[in-house]
Amino acid sequence: MHKFLCIIKQGILLTRRCFWNFEDDIRCLNPLLNKLVGGSATSQHCRGEAADCALSPRFMTEPSMSALRREIKTRVTEITGKLLRPDVNTNFMLFAYVCLNLKELDIDQVIHEYGEDFGRPAWVHIASSRRMDKRQVLIVGSYTKWRYLRLTVEETLAYAT
Ligand SMILES: [Zn+2]
């Protein structure tokens with residue numbers, strides 16, 4: 001549990017100092033390219049404050065992570081009163097974990113981005129900065145008709161039960 005929190009925190013600290021995502025890195029260094037691909041010039045990626053994160057599928061089977069998997073499932077059930085859907089993917093587990101630890105991780109924004117369905121994001125956008133503490137939870141994809149939908153942690157987690 002604490003180890004995982006530390007890994008994410010270190011990742012966030014790293015994004016504050018350098019560009020995390022190679023593609024974003026290129027985009028932000030080249031404003032014209034960023035514009036062409038529809039990226040926002042004010043994106044937190046361009047300030048090194050955000051990272052698009054994906055977790056290895058091994059997280060679902062790795063024995064040393066079983067306590068953490070159980071804890072995420074238990075906390076989702078405590079909050080929603082229901083069981084987490086069995087078909088959620090590894091990235092959703094990361095998303096849920098960040099949602100459950102918004103304050104501890106000092107999160108501005110966490111976004112469940114794309115993927116074929118809610119509960120199966122293609123990646124998780126995680127942003128943290130010293131300027132803001134917005135604690136926003138957003139989802140975007142075909143399941144929101146490509147619009148950013150802002151939800152509470154409770155509403156978001158309930159979608160995956
Ligand atoms: Zn992003």
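Residues numbered from 1 in each chain as written. Predicted model: local features only at pLDDT ≥ 70, side-chain atom pairs only at ≥ 80, totals over all residues.

(A) Quick look at the overall build of the chain. What the chain contains, in helices and strands, is six helices and five strands. In sequence order, the chain lays out its α and β elements as α-α-α-β-α-α-β-β-β-β-α. Split into buried and exposed, the 161 residues of the chain put 30% on the buried side. (Helix = DSSP H or I, 4+ residues; strand = E, 2+ residues; numbered from the N terminus. Buried ≥ 20, exposed ≤ 12 C-beta atoms within 10 Å, placed from the backbone.)

(B) Structural context of the nonpolar core. The biggest cluster of nonpolar side chains holds 28 residues, and the ones touching the most others in it are Ala-96, Val-98, Val-110 and Ile-126. Counting only elements with at least two residues in this core, the list comes to β1 (50-53), α4 (66-80), α5 (90-100), β2 (109-113), β3 (123-127) and β4 (136-140). Ranked by the residues each element gives to this core, the list is headed by α5, at eight residues. Contact partners of Ala-96, with chain neighbours within four places excluded, come to Ile-72, Val-76 and Leu-157. (Core = buried A, V, L, I, M, F, W, Y, C linked by C-beta atoms within 7 Å. Contact = placed C-beta atoms within 7 Å.)

(C) Region of the structure containing the packing of α4 against α5. Interaxial distance between α4 and α5 falls to 10 Å at its minimum, and their mutual angle equals 60°. For the element pair α4 / α5, the angle class is oblique. Relative to α5, α4 is oriented so that their crossing is left-handed. Residues Arg-69, Ile-72, Arg-75 and Val-76 of α4 lie in contact with α5, whose contacting residues are Met-93, Ala-96, Tyr-97 and Leu-100. Broken down by class, the residue content of the contact of α4 with α5 amounts to six nonpolar, no polar and two charged. (Axes fitted to C-alpha atoms, helices over the stretch in contact; angles between N-to-C directions. Parallel < 35°, antiparallel > 145°, perpendicular 65-115°, else oblique. Left-handed = near helix turned anticlockwise from the far one by under 90°. Nonpolar A, V, L, I, M, F, W, Y, C, P; charged D, E, K, R; others polar.)

(D) Fine view of unusual backbone geometry. Even without being a glycine, Asp-106 presents a positive backbone phi close to 60°. Inspection of the secondary structure puts Asp-106 in the loop between α5 and β2. Notably, Tyr-114 is not glycine yet its phi reads approximately 55°, a positive angle. Here Tyr-114 is to be found in the loop between β2 and β3.

(E) Structural view of the environment of Ala-122. Its location among the elements puts Ala-122 in the loop between β2 and β3. Note: C-alpha distance between Ala-122 and Cys-53 (69 residues apart in sequence) is 9.2 Å. Not counting residues up to four positions away in its chain, the partners in contact with Ala-122 are Glu-113, Tyr-114 and Gly-115.

(F) Representation of the sheet that holds strand β5 (residues 149-151) in the model. An order of β1-β3-β2-β4-β5 is seen for the five strands of this open sheet, with the pairing classed as mixed. For this open sheet the edge positions go to β1 and β5, each flanked by a neighbour on one side alone. Sheet twist, expressed as the mean angle between neighbouring strand axes with direction ignored, is 20°. Two elements, β4 and β5, share three bridges in a ladder whose sense is antiparallel. Note on β5: the bridge partner recorded for Ile-139 is Leu-149. Where α5 meets the sheet, it contacts β1, β2, β3 and β4, and its direction lies at approximately 25° from that of β3. (Pairing = 2+ DSSP bridges.)

(G) Examining the environment of Phe-59 more closely. In this fold, Phe-59 is placed in the loop between β1 and α4. The contacts of Phe-59, once residues within four sequence positions are left out, are Met-65, Thr-90 and Met-93.

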